[in-house]
Amino acid sequence: MSVMKRLSGVVQAKANKVLDRVEDPRETLDLSYEKQLEQLQQVRRGVADVATARKRIELQAEQLQASANKLQDQARTALAQNREDLAREALTRRAAIGTQLEQLKTQHDQLVAQEDKLVQTTQQLQARVEAFRTQKETLKASYTAAQAQTKIGEAVSGISESMSDTGMAMQRAQDKIAQMQARAGAVDELLSSGALTDLTGNTDPIQAELDKASQSGQVDAELAQLKGQLATSAPAGALATPDKPEQAPPEDDKVVDAEPVHDEPEATAKPTPDQFTLEDKEDES
Amino acid sequence: MIVRILEDGQYKVDKSTAKKLDNLDTKLGKALDKSDEAAFARALASLVKTVHASGKRLDPSVITPSDLAIPAATSTLAEVRELLASEAIKVKKKKG
């Protein structure tokens, strides 16, 4: 069967559900007028919902843009510190954010279109409700006339069809809004989990690395100073254990492993763990 | 004959236009059956275009039912299929 015919049947079937026909057609007219007012309210709420969803996406886009800018700065700083690996990481993340931003833009455009359409629907609906209000009074006044019954029937069918159409449009709009809100929620989660770089900066791994790199220069100087002090002030006794950790354990070996023994002196007297020396090399290259 | 484009409005079309619509409707139906998205989009766009070009838009104050309904211009094949299917199930239930 023809698609248009079948679809027309769908609309009518939905229309029959929209309106309860009561015995007195004049009452049906009043009832359908009430329903239309309700629907007008719904559509107005729909407009507000779309606007809220749109604003949320705009806010997210701003946040993502800020993240992208920050990563760009970080990449520059990293390169200045000869940390190409970090710069690469920052730019990779920035590219990922760029993709997210593009998706947000598409969603935003869709929401704007949806909003425009709903505003238009509201205006049309308002005009229709107004027209119906005056017509129903005329129809009710002439109800006794023989043809009035048919006219009322037509008016009721017509108005319920329009309402069913508006109802379906609203449903579609709401489905879309729900989809977008779900996606917006996912972006919010990404933003808050730091996967797209936390904006507070405290838990930002790239920033942490950069800070560490810039601090390591200072640490080197302090280390050199400490080494110098130790070498001159405490030549033999104090340094014996940390210098030769392999020789220290014999007695303690059976109970605990070697590490705790030289752990303490190393922390206070000889703070030259491997990770620092590694970074030193990278820093100088 | 009165045609409603969903999410758009009602239009009065003459017989020759109705005939054109009928041809396009057949194409739309075939596209739906074959799940041919491209053909579906083409047929739907042509239907909407034909109604806009040759039909006369009804004033919103005219309150009357339509003879035919055309899916909303932005509908996807899946959406239309779902709409049609939803009613088919209900009709079956009613009969059963």
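Chemist: Could you give an account of the overall build of chain A, with specific residues and numbers?
Modeler: Helix and strand counts for chain A come out as eight helices and zero strands. Its helices and strands taken in sequence order, chain A reads α-α-α-α-α-α-α-α from the N to the C terminus. Relative to its full complement of 285 residues, chain A shows a buried share of 35%. In chain A, once contacts between residues fewer than 6 apart in sequence are set aside, the share between residues at least 24 apart is 82%. Carbon and sulfur atoms make up 52% of the accessible area of chain A, which totals about 16,400 Å².

Chemist: Would you mind going over the overall build of chain B in detail, with residue names and values included?
Modeler: When you go through chain B residue by residue, the secondary structure sums to three helices and four strands. In chain B, the succession of α and β elements from N to C terminus is β-β-α-α-β-β-α. Here the analysis covers contacts within chain B between residues at least 6 apart in sequence; of these, 70% occur between residues at least 24 apart. With the model as given, the accessible surface of chain B reaches about 5,500 Å², and the carbon-plus-sulfur share is 57%.

Chemist: If you had to explain the nonpolar core to someone new, which residues and values would you point to?
Modeler: One finds Leu64 and Leu118 of chain A to be the most contacted residues of the largest nonpolar core, which totals 40 residues. In terms of residue count, helix α2 (residues 25–80) of chain A provides more of this core than any other element does, 13 residues in total.

Chemist: How would you sum up helix α1 (residues 15–34) of chain B? Please name residues and give values.
Modeler: Residues and elements named next belong to chain B. With 20 residues, α1 should cover 28 Å at 1.5 Å per step; its first-to-last C-alpha distance of 29 Å lies within 8% of that length. Taken together, the buried positions of α1 are Thr17, Ala18, Leu21, Leu24, Asp25, Leu28, Gly29, Ala31 and Leu32. The buried residues of α1 occupy one face: seen down the axis, they fall within an arc of 155°. Turned more than 90 degrees away from the buried face of α1 sit Lys19, Asn23, Lys27, Lys30, Asp33 and Lys34, all of them exposed. The positive-phi residue at the C-terminal boundary of α1 is Ser35, with phi of around 55°.

Chemist: Outline the environment of Ala69 of chain B, supporting the account with residue identities and numerical values.
Modeler: Mapping Ala69 of chain B onto the fold places it in strand β4 (residues 68–70). Residue contacts for Ala69 of chain B: discarding those within four places in its chain leaves Met4, Leu7, Ser8 and Val11 of chain A together with Arg4 of chain B.

Chemist: Let's hear about the packing of α2 of chain A against helix α3 (residues 84–141) of chain A: which residues, and what values?
Modeler: The axes of two packed helices give the description: the angle between them and the distance between them. Residue and element names in this part refer to chain A. Their axes nearest at 7 Å, the elements α2 and α3 cross at an angle of 165°. Put simply, α2 runs roughly antiparallel to α3. The handedness of the crossing between α2 and α3 is left-handed. Taken together, the residues of the contact of α2 with α3 sort by class into 32 nonpolar, 16 polar and 13 charged.

The rules behind each value
- Residue numbers restart at each chain and count upward from 1, following the sequence in its written direction.
- By the order in which they are written, chains take letters starting at A while ligands take numbers starting at 1.
- Given that the model is predicted, a residue must reach a pLDDT of at least 70 before its local features are reported, and side-chain atom pairs must reach 80 or more before they are shown or counted; all residues, however, enter totals for whole chains, interfaces and linings.
- To obtain the side-chain values, all non-hydrogen atoms of the structure were included, while hydrogens and water were left out.
- Helix and strand assignments follow DSSP, with helices taken as H or I runs no shorter than four residues and strands as E runs no shorter than two, numbered in order from the N terminus.
- Here's how the labels work: a residue is buried when its accessible area is under 20% of the maximum for its type, exposed when over 50%, partly exposed in between, all with a 1.4 Å probe on protein chains only.
- Two residues qualify as a contact provided that any one of their heavy atoms is within 4.5 Å of a heavy atom in the partner residue.
- Throughout, the Shrake-Rupley method with a 1.4 Å probe supplies accessible areas, and for residues the shown protein chains are the sole cover considered.
- Definition used in this section: a nonpolar core is a set of buried Ala, Val, Leu, Ile, Met, Phe, Trp, Tyr and Cys residues joined via side-chain atoms within 4.5 Å.
- Given the number of residues in a helix, its expected span is that number minus one, multiplied by 1.5 Å.
- By construction, the arc corresponds to the directions joining the helix axis to the C-beta atoms.
- Only the stretch in contact is used when a helix axis is fitted, and all axes are lines through C-alpha atoms; the angle between N-to-C directions ranges over 0 to 180 degrees.
- Just so you know how the angles are binned, under 35 degrees is roughly parallel, over 145 roughly antiparallel, 65 to 115 roughly perpendicular, and the rest oblique.
- Definitions for this section: a left-handed crossing has its near helix turned counterclockwise from the far helix by less than a right angle. A right-handed crossing has that turn clockwise.
- Amino acids outside the nonpolar list (Ala, Val, Leu, Ile, Met, Phe, Trp, Tyr, Cys, Pro) and the charged list (Asp, Glu, Lys, Arg) are all regarded as polar, and Gly is one of them.

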